[in-house]
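Per-entry structural report
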Amino acid sequence: MEKERMTVKAFVNNVLEGHAIGIVAGLIPSALLGEVSKALMTNLPVFAIINHLVNIYMLAVPLLIGAAVAFRFKMKPIPMVCVAATAWVGSGAVGFTPTGIILSGMGDLVNILVTISLTCAMILLIGDRLKSFEPLLMPIIVCTVGGGMGLAAFPYVHAITLGLGQMINSFSALQPIPMGILIAVCFSVIMISPVSTVAIATAIGMSGIASGAGNLGCVAAAVGMFVGGLRVNKIGLSLSIVLGTPKIMIATMIRQPKVLAPIMMNAAVLGTLGALFHIQGTPISAGFGFSGMVGPINAIRFMAGGPNLSNLLIIGLVFIAVPFVGAFFFEWFCRRVLHLYEPEDYSTEMADLKKETSGKQPQLA
């Protein structure tokens, strides 16, 4: 089989795109069906089953990421499943106690990224050297070496994630409007990065107006990437961004960080409105935006009077009207007035996977 030379740029792009694909595949069912199933499962038992299914699927995110990244590298079945297993090990989601094994959500998405990068590099370096012994030796090598590297890196990578959370938590000491702006802007960037907004919010126990600001930052990220990508991405992909998760655009953000400018501007406006209207939430809702309506549903729970007409209008204004109007305005302003970027800078390769299924097996240069 003809070998394709693997460059550093291609390697990084494959890892980032596969990472985003796995996250999207695991989170979309929960984002679209999670809150609906919770609301209906009391009266309709079938929705309790659906709720269990989407939660189980979300727990499988590390495995999905590993498989998606391996697919991007055109790996054969044995290496592919080995990468998936190593991603799960490196996530830190599996814990051992005297009473048995526990699962703690999806784990650390950043350490998954580190683990699969090291594992894929190792597998590409091994190449076809194992020959017919690959089914026997590859799982052992990947399990011990790849998994070991993931476990060794986890405490340090997770400490960085927690440190970021503590920095954001320090903003809570500020007055409501500056706090709302800073938290919303930070979460708008983190929402598109490999770092989990939900993990940070839950780790620091973010609640109240701080949670609402984080939620609105996630809204700014989703709407901003949706609006910016409308000219270059297919509609199905764009809807996945705004209804599911903007983490689809991880690779785009790293390649073209300047596209964050209008998103951060919009997040600052939304953070201000969140503080003025006392938009609140929980540690869980802080990291979701309006995916599955988690943010708006939790916000209205904390509003005096509950879901009355006045509160529904505020929710519509803060979560829908202003984010979309702001996204279109700031995207136009940054592109046409400041000339920061071109529409093509919002493009992503996720929509074009046909070329990945044919051809050559890569190797490190």
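Our structure is the block above this text.
Please read all numbers here as calculations on a predicted model, not as lab measurements.

1. What about the overall build of the protein chain?
Along its length, the protein chain carries 14 helices and four strands. With the principal axes as the frame, the protein chain shows a C-alpha extent of 70 × 55 × 40 Å. Counting over 365 residues, the protein chain shows a buried share of 51%. Taking the intrachain contacts of the protein chain between residues at least 6 apart in sequence as the baseline, contacts between residues at least 24 apart amount to 76%.

2. Describing the pairing of strand S2 (residues 94-97)
Across a regular strand the side chains alternate sides, sitting on one face of the sheet and then on the other. One ladder, built from four bridges, connects S2 with strand S3 (residues 100-103); its direction is antiparallel. When the bridges of S3 are listed, threonine 97 appears paired with glycine 100. In this antiparallel pair of consecutive strands, S2 and S3, the connection spans two residues.

3. Some remarks on the packing of helix H9 (residues 208-229) against helix H14 (residues 309-337)
At a minimum axis separation of 9 Å, H9 and H14 run at an interaxial angle of 50°. By the criterion of interaxial angle, the relationship of H9 to H14 is oblique. Along this stretch, H9 crosses H14, giving a crossing that reads as right-handed. Of the residues in H14, those in contact with Asn215, Leu216, Val219, Val223, Gly224, Phe226, Val227 and Gly228 of H9 are Val318, Phe319, Pro323, Phe324, Ala327, Phe328 and Glu331. A breakdown of the residues in the contact of H9 with H14 according to their chemical character gives 11 nonpolar, three polar and one charged.

4. Digging into a nonpolar patch on the surface
Together, Leu32, Leu33, Leu230, Ile235, Leu239, Leu243 and Phe328 line one region of the surface with nonpolar side chains, adding up to about 620 Å² of accessible area. If you list the elements that add at least two residues to the nonpolar patch, you get helix H1 (8-40) and helix H10 (235-243). Per element, the largest residue contribution to the nonpolar patch is three residues, and it comes from H10.

5. Quick look at the nonpolar core
Counting residues in hydrophobic clusters, the biggest one holds 37 residues, and the most contacted among them are Ile168, Ile183, Phe187, Ile192, Ile200, Met206 and Met225. Listing elements by their share of this core, those giving two or more residues are H1, helix H6 (134-170), helix H7 (176-190), helix H8 (197-203), H9, H10 and helix H12 (260-276). If you tally residues by element for this core, the top one is H9, at six residues. With residues near it in sequence (within four places) discarded, methionine 206 still touches Ile168, Ile183, Phe187, Ala201, Ser211, Thr282, Pro283 and Ala286.

6. Looking at helix H3 (residues 61-72)
For H3, built from 12 residues, the straight-helix expectation of 16 Å at 1.5 Å per residue is met to within 8% by its first-to-last C-alpha distance of 16 Å. For H3, every residue scored as buried is listed here: Val61, Pro62, Ile65, Gly66, Ala68, Val69, Ala70 and Arg72. The inward-facing, buried residues of H3 abut H1, helix H2 (46-59), helix H4 (77-91) and helix H5 (109-126). Looking one or two places after H3, you find lysine 74, whose phi comes out positive at around 60°.

7. Considerations on the pattern of salt bridges
One pass over the structure, following the stated rule, counts six salt bridges. Among the ionic pairs, arginine 231 bridges to glutamate 331, the shortest N-O distance being 3.4 Å. One end of the pair, arginine 231, is in the loop between H9 and H10; the other, glutamate 331, is in helix H14, and 100 residues separate them in sequence.

8. Comments concerning the packing of H1 against H3
Angle between the axes and distance between the axes: these two values describe a pair of packed helices. With their axes 7 Å apart at the nearest point, H1 and H3 run at an angle of 140° to one another. When the axes of H1 and H3 are compared, the pair comes out oblique. Pair H1 / H3 crosses with right-handed handedness. Here H1 contributes Asn13, Asn14, Val15, Glu17, Gly18, His19, Ile21, Gly22, Ile23, Ala25, Gly26 and Leu27 to the contact with H3, which in turn contributes Val61, Leu64, Ile65, Ala68, Val69 and Arg72. Residues of the contact of H1 with H3, tallied by class, amount to 10 nonpolar, six polar and two charged.

What counts and how
Residues numbered from 1 in each chain as written. Predicted model: local features only at pLDDT ≥ 70, side-chain atom pairs only at ≥ 80, totals over all residues. Heavy atoms only, no water. Helix = DSSP H or I, 4+ residues; strand = E, 2+ residues; numbered from the N terminus. Buried < 20%, exposed > 50% of the residue type's maximum accessible area, 1.4 Å probe, protein only. Contact = heavy atoms within 4.5 Å. Pairing = 2+ DSSP bridges. Axes fitted to C-alpha atoms, helices over the stretch in contact; angles between N-to-C directions. Parallel < 35°, antiparallel > 145°, perpendicular 65-115°, else oblique. Left-handed = near helix turned anticlockwise from the far one by under 90°. Nonpolar A, V, L, I, M, F, W, Y, C, P; charged D, E, K, R; others polar. Patch = residues over 30% accessible without salt bridge, like charges linked within 9 Å, V, L, I, M, F, W, Y side chains within 5 Å. Areas by Shrake-Rupley, 256 points an atom, 1.4 Å probe, with all protein chains shown as cover. Salt bridge = Lys/Arg side-chain N within 4 Å of Asp/Glu carboxyl O. Core = buried A, V, L, I, M, F, W, Y, C linked by side-chain atoms within 4.5 Å. Expected span 1.5 Å × (residues − 1).

Treat this as a map of the structure, not an account of what it does.
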